[in-house]
Amino acid sequence: MNAPLPSGGLKELVEKTVRLSLACGAEEVEVGVSDSVEFGVDVRMGEIENLVEAGTRSMGIRIIKDHRTAYAGTSDLSTDTIERLIRGAVRRAELAHPDPCSGLPEPPASPIDPSSLDLYDPAVSALDPRTKIAMAMETERIALTDHRIGNSHGASCDTHEGCSILANSRGFQGEYRKTFIGLNVGLQAGETDDLAEDFWFSSKIHLADLASPEEIARKAVARTVRLLNPRKVQTQRVPVIFDPQMTAGLLGFLFSCLTGTAVYQKATFLAGRLGRRICPETLTVVDDGLLPRGLGSSPFDSEGVPSQRTAVIENGILKTYLCNTYAGRKIGLPSTGNADGGGVGPGNFYLSAGSFTPEEIIRSTPRGLYLVRTLGHGLNPVSGDLSRGAFGLWIESGELAYPVSEITISGNLGEMLKGVEMIGDDLDFFGSVCGPTLKIAEMQIAGRS
Amino acid sequence: MNIFKDRLSLGPAEYEDVLGVALSRGGDFAELFFEYRSHTSILMEEDILKETAESVSLGLGVRVWSGEQTGYGYTNDLSPERMRKAARSAASVALAGGEAKRSSALVPGRSLSGIYDQTDPASRADLVRKIELVREAYDACRAFAPEIVKTKAGWVDLVQHVTIANSEGCLVSDVRPMVKLTCAAIAEKGTVREYGFSGGGGRTGLNVFAAARTPAAIGREAAEEAVRLLEAEDAPAGEMPVVLAAGHAGVLIHEAVGHLLEADFHRKKTSIFWNKMGERVGSDLVTIADDPTIPASRGSYAVDDEGTVPRNTRLIEKGVVSGLLTDRLSARILGRDLTGHGRRQDYTDIPIPRMANTYLAAGPHDPAEIIASVEKGFYAERFTGGQVEDSGKFTFSVSAGRLIENGRLTRPVKQATLIGTNVDILNRICMAGDDLAFGLQTGTCGKEGQDVPVNDGCPTLKVSMMTVGGRS
């Protein structure tokens, strides 16, 4: 169970596992291994709270026999366990039904050179734990110098360095390394029972791109204190302006409605809308897995299909769905290189920047909600219905007037897309799903009677 | 039998060796958490048995305390060198590099018996039998009505072996079963499409699907919800009386109360309840507890992830805050008893206080009388989840409900988010039914990136006024 790795390392282990699976009766096989090292420190009120350091490895196997599929996974890379899992998977594949759409993708004609994506930063790898602790400490310290901040959820600095190796029986072999560094702080303001909470963060592939502790702390403070002493507004319909974080949340919901998997399962209101106008022509949504230093970038997806840039919505027209090989075959579209485990995941999925500054967007609104945070689940991809708890700033006469809380916003994503009135120029790649400030013409707000 | 001893020849001598390394830099407490997890899943959709998966996870997490600071290291390679390396990583929190401390000799500890029904464990059942149960749910859903256009039925079973050893001499193991069968349905009529969901299971074996709700019943429930929503109107928007259905609405108790009485938020003074012990925060009808010892329930365990025997813990007694859910760290810092609520997602995670099975106790009212008391309001029937922040503001999402008009349930309505501040809502609970029930045995709670299985329950409840976030 805990035999040391066979000599020669992980790449050889992956190739050996492919050969063993074929010998055990698999007709096609795909084997992926990830090997990662992580470090994390949480500090709170000037003291270290948690210090985590570890390394883990895991393997995933997909076996196909007679168009029948079975998966296996393990964090125990001993030969015994791998062999037992392979034999079990072959037997399980025999119990499944044949599915003509199953099977591995063709090997890529022109693979992407991982170095072109600049996903590995030796500086992250070499960063001393004491420096990371100091960065977290400094971020929290600066935030707590503001007298309005009464308590801290703490600051964290996390780094991650991983190597992904993938091979399959059709001859694909690929490998890439990726680093990650994140710094964040969460704050609480207010002295009575009426507490306001918010946070800010920076997440990057390269150390040099990371925001400074000062910048993160200042932004977290500003975001928290602006929510102090909220009011509850009346139930009404008003324009809603999404701040970039909120746009990202909305795009995450949109992504789940744009996958080929959701389309063949009829689990999205956007099924059957290909080639149709679904929003104003100012709106373009892109998934780009090849963005240099992108948090969602990779040279190939989890089944070895090269990542690509896909315009999903172009000038308001729905151009394609995002697919892995299986979902693509089900709906007659090519894979877009978005395989993620057994499902479909984003590369860097973003709404292209518009031409308005956030200030112009707020000024254009006589009365409405500037949305900064939501609470709860309330997203239904099947109907597009959305309903969530909301925090934000009330807009009166084109200006941010006062904070509001304990209200909900609700709408339907299909109608909201049609109702996009203005798009901000403030696109920033703070995550793998992101977008600029966005103004929706009208949504339902529930609050006081 | 102990899987770590049988398969890896690990025992007290090896544990004491690693604990010694963990305390070598002067930490004052060390703990090992060994975990082996085996997991099987089945997916049926498009009328075919589409795929199955099996996965195995094995690892060790080492925790060291130095004062109030925690060092943590983990590895999934259980060779002596790697285990010691993880221990050294955890030990590094003792930055001052104090004198090495000695660990107490390990003595086998106690865990509860009778929590899990082990007579027909899913982990050892033949795959073919499990596939039959999945198919039964799938077929019942598909056949429910012509409007059902897509069905998806899924199965997950797992068994988690844990062994916990610490420097105070505690040595305890647990073998935890789990099974879950879920069914999702999509109904279509004209251009309208709606979704329905149901499921069942628990910390038990295959027999649960013969004894409690059958796979066919689960399939029909999912289909019925989707079909009913085809005719549903938009939920209302605004403040109104809300009646919460027994069982499913336990998620409100989980969000509005449970999280805010997890002791880490008290240690950090971030919970709105941190200074309210002994204070009234709700009406007399509000008595809330968390019980990890309910046999076969999804949130239960015989021993928690820090080796503590769990106990049913009263959180609110007739409206007054009376208890907290503790883990070792918060119990030590706050000087409170251990309640056995230290849980972790897996060996890579530091344990934190978590809920298990949270419920609001039954009250005096007849459920029919509760609905009859509402002239115009909202009946919240099925839920998809909730979220709370430390300030006490919480939401939960209703997937299906009905309007209440003149004391009667009338038109079905769909998706709405309910929002409130916990103290306001607890004070507005003005009727509680005598029909305490628990949820579907499919719930998962996420906190600080860690997911753990939970269950929750409540009787029919009336909240005199609440904000309903519908669209009309």
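Note that the coordinates shown come from a computational prediction; the quantities given were computed from them, not determined experimentally. (Residues numbered from 1 in each chain as written. Chains lettered and ligands numbered in written order. Predicted model: local features only at pLDDT ≥ 70, side-chain atom pairs only at ≥ 80, totals over all residues. Heavy atoms only, no water.)

Enquirer: What is the right way to look at the overall build of chain A in this model?
Expert: In terms of regular secondary structure, chain A is built from 10 helices and 20 strands. Here the C-alpha radius of gyration of chain A, 24 Å, is about what a compact globule of 449 residues would show, namely 22 Å. Taken along its principal axes, the extent of the C-alpha atoms in chain A is 70 × 55 × 35 Å. In chain A, which comprises 449 residues, the proportion classed as buried is 60%. Of the contacts formed within chain A by residues at least 6 apart in sequence, a portion of 72% connects residues at least 24 apart. Of the side chains in chain A, 43 bear a positive and 56 a negative charge, and the two mean positions are spaced by 6 Å. (Helix = DSSP H or I, 4+ residues; strand = E, 2+ residues; numbered from the N terminus. Rg over C-alpha atoms; globule rule 2.2 N^0.38 Å. Buried < 20%, exposed > 50% of the residue type's maximum accessible area, 1.4 Å probe, protein only. Contact = heavy atoms within 4.5 Å. Lys, Arg positive; Asp, Glu negative; His and termini not counted. Charge placed at Lys NZ, Arg CZ, Asp CG, Glu CD.)

Enquirer: Sorry, what's going on with the sheet that holds strand β22 (residues 455–458) of chain B here?
Expert: Within a sheet, adjacent strands bond to each other through the backbone by hydrogen bonds, running parallel or antiparallel. Here we have six strands laid out as an open sheet, ordered β11-β10-β9-β14-β22-β19 (chain B), and mixed in their pairing. The strands lining the two open edges of the sheet, one partner per strand, are β11 (320–321) and β19 (437–438) of chain B. (Pairing = 2+ DSSP bridges.)

Enquirer: Could you clarify how one ought to interpret the packing of aromatic side chains in this entry?
Expert: Between two aromatic rings, the relevant description is the distance of the centres plus the angle of the planes. Tallied over the entire structure, the rule returns 17 aromatic pairs over all chains. On the numbers, 5.6 Å between centres and 45 degrees between planes, the contact of F4(B) with F34(B) is tilted. Here F34(B) lies in strand β1 (residues 29–45) and F4(B) lies in helix α1 (residues 3–8), a separation of 30 residues in the sequence. Its relative accessible area of 1% is what places F4(B) among the buried residues. You can call F34(B) buried: its relative accessible area is 0%. An aromatic cluster of at least three residues, connected via ring pairs, comprises F199(A), W200(A), F201(A) and F430(A). Sitting over the ring of F391(A), R373(A) keeps its end group 4.4 Å from the ring centre. Above the ring of Y36(B), the side-chain terminus of R7(B) is found at 5.1 Å from the ring centroid. (Phe/Tyr/Trp six-rings, centres within 6.5 Å; stacked < 30°, edge-to-face > 60°. Lys NZ or Arg CZ within 6 Å of the ring centre and 35° of its normal.)

Enquirer: Sorry if this is basic, but what is going on with the confidence of the model for chain B here?
Expert: Do not read the fine detail of predicted coordinates wherever pLDDT is low. Taken as a whole, chain B shows an average pLDDT of 94; of its residues, 100% reach a score of 70 or greater. At the level of chain-chain contacts, confidence expressed as ipTM amounts to 0.90, with global pTM at 0.93. (pLDDT = per-residue confidence, 0-100.)

Enquirer: Any chance you could explain the pairing of strand β17 (residues 399–412) of chain A here in plain terms?
Expert: Two faces belong to every sheet, and in a regular strand the side chains alternate between them. Residue and element names in this part refer to chain A. A large share of β17 lies buried, amounting to 11 of its 14 residues. Two elements, strand β16 (residues 385–396) and β17, share 11 bridges in a ladder whose sense is antiparallel. Considered in β17, the bridge of I395 is made with L400. Where β16 folds back on β17, the antiparallel hairpin that results is connected by two residues, among which S397 adopts a positive phi of roughly 50 degrees. With three bridges joining them, β17 and strand β20 (residues 438–446) adopt antiparallel strand pairing. Following the sheet pairing, I409 is matched in β20 by I445.

Enquirer: For this particular structure, what's the right way to read the interface of chain A and chain B?
Expert: Interface size is commonly expressed as the accessible surface area that is lost when the partners come together. Listed as interface residues are 81 residues of chain A and, on the opposing side, 80 residues of chain B. Both faces considered, chain A and chain B share a buried interface measuring about 6,600 Å² in area, 49% of it formed by carbon and sulfur atoms. On inspection of chain A and its partner chain B, the count reaches 11 salt bridges. A salt bridge links K268(B) to E49(A), with the nearest nitrogen and oxygen atoms 3.6 Å apart. Counting every contact that joins chain A to chain B gives 47 residue pairs in polar contact (both at pLDDT 80 or more). (Buried area = accessible area lost by both parts, 1.4 Å probe. Salt bridge = Lys/Arg side-chain N within 4 Å of Asp/Glu carboxyl O. Polar contact = N/O pair within 3.5 Å; in protein donor to acceptor, adjacent residues only side chain to side chain.)

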